[in-house]
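# Fold and contact review
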Amino acid sequence: MNQFKIGIIMGSKSDLNIMQDAADVLSELGVDYEITVVSAHRTPDRLFEYAKSAAGRGLKVVIAGAGGAAHLPGMVASLTHLPVIGVPVKSSNSIDGWDSVLSILQMPNGIPVATVALNAAKNAGLLAAQILSTADEDLGHRLIAYKQDLAKKVTDSALEMKQQGYPSGYDD
């Protein structure tokens, strides 16, 4: 693992099945992280303490996943200078996820929150790693290898389909 650390928080433990994807990709890339539940509405004191202490505890980026009204990422961003990546979660009390997306996306000027797609915690983990890679060359190399592996999977799939007789119309 490296010297940098990512904080992963979620508004409810029921969001863990989504937020685990961020933890998994960070582990795959060798990035340290912590993960816990912090509710903007049910535990505001915990939220304030977590956000205000994040930089002092060595965090470099916070990934915050929330469903419904999804105030968690924005509130964290209002309390720290660290980059915050919001993951809108389609939760049981959600309006098909749109309420979460718009709550995180529509932040007022001065309180930026990077927002990934609905339930896209893996992309949040990758974005956090990319942010850290600006100061960690080894992590940058691991990200390059990760993306090369993604490309190889696509070309391997295309070749497999061609070998199965599907007409590609493209000469690879």
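Overview of the structure. (Residues numbered from 1 in each chain as written. Predicted model: local features only at pLDDT ≥ 70, side-chain atom pairs only at ≥ 80, totals over all residues. Heavy atoms only, no water.)

## Digging into the layout of surface pockets
Empty space among the atoms can be located by rolling a probe the size of a water molecule over them. For the largest pocket, the calculated volume is near 290 Å³. Residue lining of the largest pocket: 18 residues in total, with Gly11, Ser12, Arg42, Gly67 and Asn93 positioned closest to the centre. (1 Å grid on protein atoms, 1.4 Å probe; cavity = no way out; pocket = protein on both sides within 12 Å on 5 of 7 lines; lining within 4 Å. Points joined across faces, edges and corners; volume = space filled by probe spheres on them.)

## A few points about a nonpolar patch on the surface
On the surface, a nonpolar cluster with roughly 340 Å² of combined accessible area is contributed by Trp98, Leu102 and Leu105. Along the chain, the position of Leu105 falls in helix α4 (residues 98-105). (Patch = residues over 30% accessible without salt bridge, like charges linked within 9 Å, V, L, I, M, F, W, Y side chains within 5 Å. Areas by Shrake-Rupley, 256 points an atom, 1.4 Å probe, with all protein chains shown as cover. Salt bridge = Lys/Arg side-chain N within 4 Å of Asp/Glu carboxyl O. Helix = DSSP H or I, 4+ residues; strand = E, 2+ residues; numbered from the N terminus.)

## Focus: the sheet that holds strand β3 (residues 59-67)
Pairing within the open sheet is parallel, and its five strands lie in the order β2-β1-β3-β4-β5. The sheet is open, and its two borders are formed by β2 (32-37) and β5 (114-115), each paired with just one other strand. Of the strands in this sheet, β1 (5-10), β2, β3 and β4 (84-89) are in contact with helix α1 (residues 16-29), which crosses β1 at around 170°. Against the sheet, helix α5 (residues 121-133) touches β1, β3, β4 and β5, its axis set at about 165° to β3. (Pairing = 2+ DSSP bridges. Contact = heavy atoms within 4.5 Å. Axes fitted to C-alpha atoms, helices over the stretch in contact; angles between N-to-C directions.)

## Let's talk about the side chain of Ser91
Inspection of the secondary structure assignment puts Ser91 in the loop between β4 and α4. Engagement of the side chain of Ser91 in a polar contact is seen with the backbone nitrogen of Gly68, the distance being 3.4 Å. Ser91 has contacts with Gly67 and Gly68, leaving out every residue within four places of it along the chain. (Polar contact = N/O pair within 3.5 Å; in protein donor to acceptor, adjacent residues only side chain to side chain.)

## Some points on the nonpolar core
Counting 28 residues, the largest nonpolar core has Ile6, Ile8, Met19, Leu29, Val31, Ile63 and Val87 as its most contacted members. Every element with two or more residues in this core is listed here: β1, α1, β3, β4, α5 and α6 (137-163). Among the elements that take part in this core, α1 stands out by supplying seven residues, more than any other. Of all hydrophobic cores here, the second largest spans 20 residues; its members include Leu47, Val76, Leu82 and Val113. (Core = buried A, V, L, I, M, F, W, Y, C linked by side-chain atoms within 4.5 Å. Buried < 20%, exposed > 50% of the residue type's maximum accessible area, 1.4 Å probe, protein only.)

## Observations concerning helix α3 (residues 72-79)
Within α3, six of the eight residues are buried, which leaves the element mostly enclosed by the surrounding structure. Of the surrounding elements, those touching the buried residues of α3 are β1, α2 (44-53), β3, β4 and α4.

## What to know about the packing of aromatic side chains
Going through the model one piece at a time under the given rule, you end up with zero aromatic pairs. Of note, Arg57 hangs over the ring of Tyr50, and the distance from its end group to the ring centre comes to 4.7 Å. (Phe/Tyr/Trp six-rings, centres within 6.5 Å; stacked < 30°, edge-to-face > 60°. Lys NZ or Arg CZ within 6 Å of the ring centre and 35° of its normal.)

## A look at the environment of Ile35
Secondary-structure assignment places Ile35 in strand β2. Given a relative accessible area of 34%, Ile35 falls into the partly exposed group. Remark: the alpha-carbon pair of Ile35 and Ala64, spanning 29 residues in sequence, is separated by 9.9 Å. Ignoring sequence-local partners within four residues, the contact set of Ile35 consists of Ile8, Met10, Leu16 and Ala23.

## Some words on the pairing of β1
When you tally the buried positions in β1, you get five out of six residues, the bulk of the element. Note that β1 and β2 share six bridges and pair parallel. By the bridge assignment for β2, Gly7 is matched with Glu34. Running through α1, the crossover from β1 to the neighbouring parallel element β2 is right-handed. Of the strand pairs in this sheet, β1 and β3 are connected by six bridges, and their pairing is parallel. Bridge pairing in β3 links Gly7 to Val62. (Right-handed = clockwise from strand over helix to strand, strands pointing away.)

## A few points about unusual backbone geometry
Here the phi dihedral of Ala70 falls at roughly 50°; this positive angle occurs in a residue that is not glycine. Within the secondary structure, Ala70 sits in the loop between β3 and α3. Look at Asn119: it is not a glycine, yet its phi comes out positive at around 65°. Tracing the chain through its elements places Asn119 in the loop between β5 and α5. Owing to a relative accessible area of 27%, Asn119 belongs among the partly exposed residues under this scheme.

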